[in-house]
Every structure is written in structure tokens, then in C-alpha cells.
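Reading the structure
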Amino acid sequence: IGFKVGSATLREGTDPGYTVELIANVPPQAAVTVNYSVGGTATAGDTNLPASGSVTINPADLADPNVASFDFTVTNDAVHEPTRSIVLTITGLATGDVSTRIALVANGDNPVLTITLLDDDPGPDHYELWLPSSAVSCEDVPLRVVACLDASSPCTNADTGMAGRTVQLATS
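Residues numbered from 1 in each chain as written. Predicted model: local features only at pLDDT ≥ 70, side-chain atom pairs only at ≥ 80, totals over all residues. Heavy atoms only, no water.

Here we look at the overall build of the protein
Regarding its fold elements, the protein presents one helix and 11 strands. Each helix (α) and strand (β) of the protein, taken in turn from the N terminus, gives the series β-β-β-β-β-β-β-α-β-β-β-β. For the protein, buried positions account for 26% of its 172 residues. Look at the contacts in the protein between residues 6 or more apart in sequence, and 70% of them connect residues 24 or more apart. Summed over all atoms, the accessible surface of the protein reaches about 10,000 Å², with 53% contributed by carbon and sulfur. (Helix = DSSP H or I, 4+ residues; strand = E, 2+ residues; numbered from the N terminus. Buried < 20%, exposed > 50% of the residue type's maximum accessible area, 1.4 Å probe, protein only. Contact = heavy atoms within 4.5 Å. Areas by Shrake-Rupley, 256 points an atom, 1.4 Å probe, with all protein chains shown as cover.)

Written out as C-alpha cells, the structure reads:
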């Protein structure tokens with residue numbers, strides 16, 4: 001048993017969902033439960049995938065006796081993020097038929113599916129430090145770091161939600 005493909009690429013905003021298919025190369029004689037884990041750099045907020053799961057390939061399913069599938073959705077947010085990965089790995093098989101289990105393990109292809117998740121949100125053009133308009137030159141006031149989404153300076157299209165982000169300032 002293996003994933004139908006070993007890799008895929010999805011773009012946030014363009015690809016709202018994806019169907020993962022697992023295929024038995026050898027027709028199973030009995031139902032086979034396939035356990036999988038979910039890893040990679042994508043976070044829980046990027047998709048609706050659980051940390052692990054299982055699907056059943058059922059030979060009694062006349063439409064697809066060798067296939068099991070499950071769907072997940074990709075979250076389309078408005079936050080610029082780096083490219084992330086989703087790594088699905090087959091972690092085990094369970095069936096009551098020992099001969100089926102041996103044949104399926106011996107003939108498995110693509111035990112890992114790596115999905116590249118691309119972002120669709122524009123990154124900042126540049127950063128600016130903003131002082132409160134009431135600041136006096138020698139006054140100790142907090143600076144605000146603003147991510148400018150356009151090339152104008154001062155920027156007219158700013159992402160002021162920089163809380164929790166790290167910005168490295170160049171020294172020159």
C-alpha cells in the first residue's frame with residue numbers, strides 16, 4: 001500500500017482542498033486499515049489535518065476495491081508566510097488476513113507523501129520605524145515596526161499587525 005503520488009504542490013487560496021489517495025497494488029482479500037501520521041512545517045492553522053489518522057481499503061467496495069481516500073482543506077489566510085510542508089507517512093497496516101498484510105507490505109510504493117504548501121499573500125516591500133506623532137526628539141518612546149506592502153515611503157499600504165514577528169534591522 002502506498003500513496004498514489006509521492007509529492008504534490010498546493011497554493012493557499014488557489015487550492016482550497018486536496019484528496020489524498022492510498023492504493024493497494026495487490027488486491028486485498030480482507031479490509032485493510034492504513035494508519036498514517038502528519039508532520040512537516042505546516043501548522044494546525046494551515047489545514048484541517050489531524051496529527052494522525054486512518055483509512056480503510058475495503059475490497060467489498062465495488063467502485064474502488066483497491067483505493068481509500070480522505071480529503072483535507074487548506075486555510076486561506078491573509079498572512080504572508082514562508083513555504084511550508086505537509087508530510088504524510090504510512091505508520092502501519094491492520095487486517096485480519098496475515099497473507100494480505102505480508103503481500104501489501106512487500107508491494108508498497110510511496111510510503112511518504114510530501115506536499116509543498118505555497119503562500120498566496122504578498123510579502124513586505126520594506127519596513128519602516130514609526131514614532132508617535134507627539135514624540136519629542138529626546139523623549140523615550142516606543143517605536144512601531146511597520147511592514148510596508150507597497151514601495152511608497154512613507155508607506156500607504158501598511159501591515160501594522162507585526163506583534164510576535166521578528167524584524168532584523170540593518171546597521172549602516
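Examining the pattern of salt bridges
Evaluated as defined, the whole model comprises four salt bridges. Linking lysine 4 and glutamate 21 is a salt bridge whose minimum nitrogen-to-oxygen distance equals 3.2 Å. Taken together, the positions of lysine 4 in the loop between strand E1 (2–3) and strand E2 (7–11) and glutamate 21 in strand E3 (residues 17–23) put the pair 17 residues apart, joining distant regions of the chain. Between arginine 84 and glutamate 12 there is a salt bridge, with the nearest N and O atoms lying 3.4 Å from each other. A residue pair is termed long-range when its members are at least 10 positions apart, and arginine 84 in strand E7 (residues 84–94) and glutamate 12 in the loop between E2 and E3 qualify at 72 residues. Glutamate 12 shares its class with arginine 84; the two are buried. (Salt bridge = Lys/Arg side-chain N within 4 Å of Asp/Glu carboxyl O.)

Describing the sheet that holds E3
On the basis of which strands lie adjacent, the open sheet formed by three strands has the order E1-E3-E6 and antiparallel pairing. Both edges of this open sheet fall to E1 and strand E6 (67–73), since each of them pairs with a single strand only. Of the strand pairs in this sheet, E1 and E3 are connected by two bridges, and their pairing is antiparallel. Following the sheet pairing, phenylalanine 3 is matched in E3 by leucine 22. (Pairing = 2+ DSSP bridges.)

Notes on the packing of aromatic side chains
The full count for this structure, using the stated rule, is two aromatic pairs. Between the aromatic rings of tyrosine 36 and phenylalanine 70, the centroid separation amounts to 4.6 Å while the plane-to-plane angle is 0°, which identifies the pairing as stacked. Of this pair, tyrosine 36 sits in strand E4 (residues 32–39) while phenylalanine 70 sits in strand E6; the two residues are 34 residues apart in sequence, bridging distant segments of the chain. For the pair shown, tyrosine 36 and phenylalanine 70 are each scored as buried. (Phe/Tyr/Trp six-rings, centres within 6.5 Å; stacked < 30°, edge-to-face > 60°.)

Considerations on the side chain of serine 85
The residue serine 85 is located in strand E7 in this model. Note on serine 85: relative accessible area 19%, which makes it buried. For serine 85, the residues in contact, after removing those within four places along its chain, are Gly39, Gly40, Thr41, Ala42 and Ile115.

Thoughts on the pairing of E2
On E2, burial follows the alternation: Ala8 and Leu10 on one face are buried, whereas Ser7, Thr9 and Arg11 on the facing-out side are not. Relative to strand E8 (residues 112–118), E2 runs parallel, the two sharing five bridges. Along E8, the bridge assignment pairs leucine 10 with leucine 117.

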